[in-house]
Amino acid sequence: MQQWTVREVMTPEVLTVDYDTPPAEVITTMTTYDVSALAVADANDTVLGIITRTDVLNSIRVRGPDRRSRVPWRRPVATPAFTA
């Protein structure tokens with residue numbers, strides 16, 4: 001079994017986002033820099049925590065298209081022919 005250290009897999013430069021950054025911007029930053037987590041910092045650059053790709057995806061509610069309820073399928077009813 002190969003032994004590794006955190007130093008070998010960590011990113012030395014930490015990317016941060018503000019605590020009030022919109023989720024879309026968080027996703028854009030993660031995608032741009034190909035990272036799966038960002039440090040969340042306040043105005044004084046104090047790290048408040050981290051946000052991961054999974055955190056963002058779990059917080060987004062995916063809603064299906066609005067659908068009207070349909071009348072159950074029925075055979076067409078014979079209608080009288082139109083007359084001019």
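Residues numbered from 1 in each chain as written. Predicted model: local features only at pLDDT ≥ 70, side-chain atom pairs only at ≥ 80, totals over all residues. Heavy atoms only, no water.

Please explain a negative patch on the surface as it appears in this structure.
Taken together, the side chains of Asp 18, Asp 20, Glu 25 and Asp 45 define an acidic patch exposed on the protein surface. What makes Asp 45 exposed here is its relative accessible area of 65%. (Patch = residues over 30% accessible without salt bridge, like charges linked within 9 Å, V, L, I, M, F, W, Y side chains within 5 Å. Areas by Shrake-Rupley, 256 points an atom, 1.4 Å probe, with all protein chains shown as cover. Salt bridge = Lys/Arg side-chain N within 4 Å of Asp/Glu carboxyl O. Lys, Arg positive; Asp, Glu negative; His and termini not counted. Charge placed at Lys NZ, Arg CZ, Asp CG, Glu CD. Buried < 20%, exposed > 50% of the residue type's maximum accessible area, 1.4 Å probe, protein only.)

I keep staring at the sheet that holds strand β1 (residues 16–18) and nothing clicks. Help me out?
Two pairing modes exist for strands in a sheet, parallel and antiparallel, and in both the strands are linked by backbone hydrogen bonds. In spatial order, the strands read β1-β2-β3; together these three strands make up an open sheet with mixed pairing. Of all strands in the sheet, those with a lone pairing partner are β1 and β3 (47–52), marking the two edges. With strand direction ignored, the average angle separating the axes of adjacent strands in the sheet is 40 degrees. Where strand β2 (residues 37–41) and β3 come together, five bridges link them in antiparallel fashion. Residue pairing across strands places Ala 41 opposite Val 47, the latter belonging to β3. Sitting on the sheet, helix α2 (residues 23–33) is in contact with β2 and β3, with an inclination near 130 degrees to β2. (Pairing = 2+ DSSP bridges. Helix = DSSP H or I, 4+ residues; strand = E, 2+ residues; numbered from the N terminus. Axes fitted to C-alpha atoms, helices over the stretch in contact; angles between N-to-C directions. Contact = heavy atoms within 4.5 Å.)

So what exactly am I meant to see when it comes to the pairing of β3 here?
Within a regular beta strand, the side chains point alternately toward one face of the sheet and then the other, so they alternate between its two faces. Counting buried positions over the six residues of β3 gives zero, only a small fraction of the element. Linkage of β2 to β3, two consecutive antiparallel strands, is achieved through a turn of five residues, within which Asp 45 is found at a positive phi near 60 degrees.

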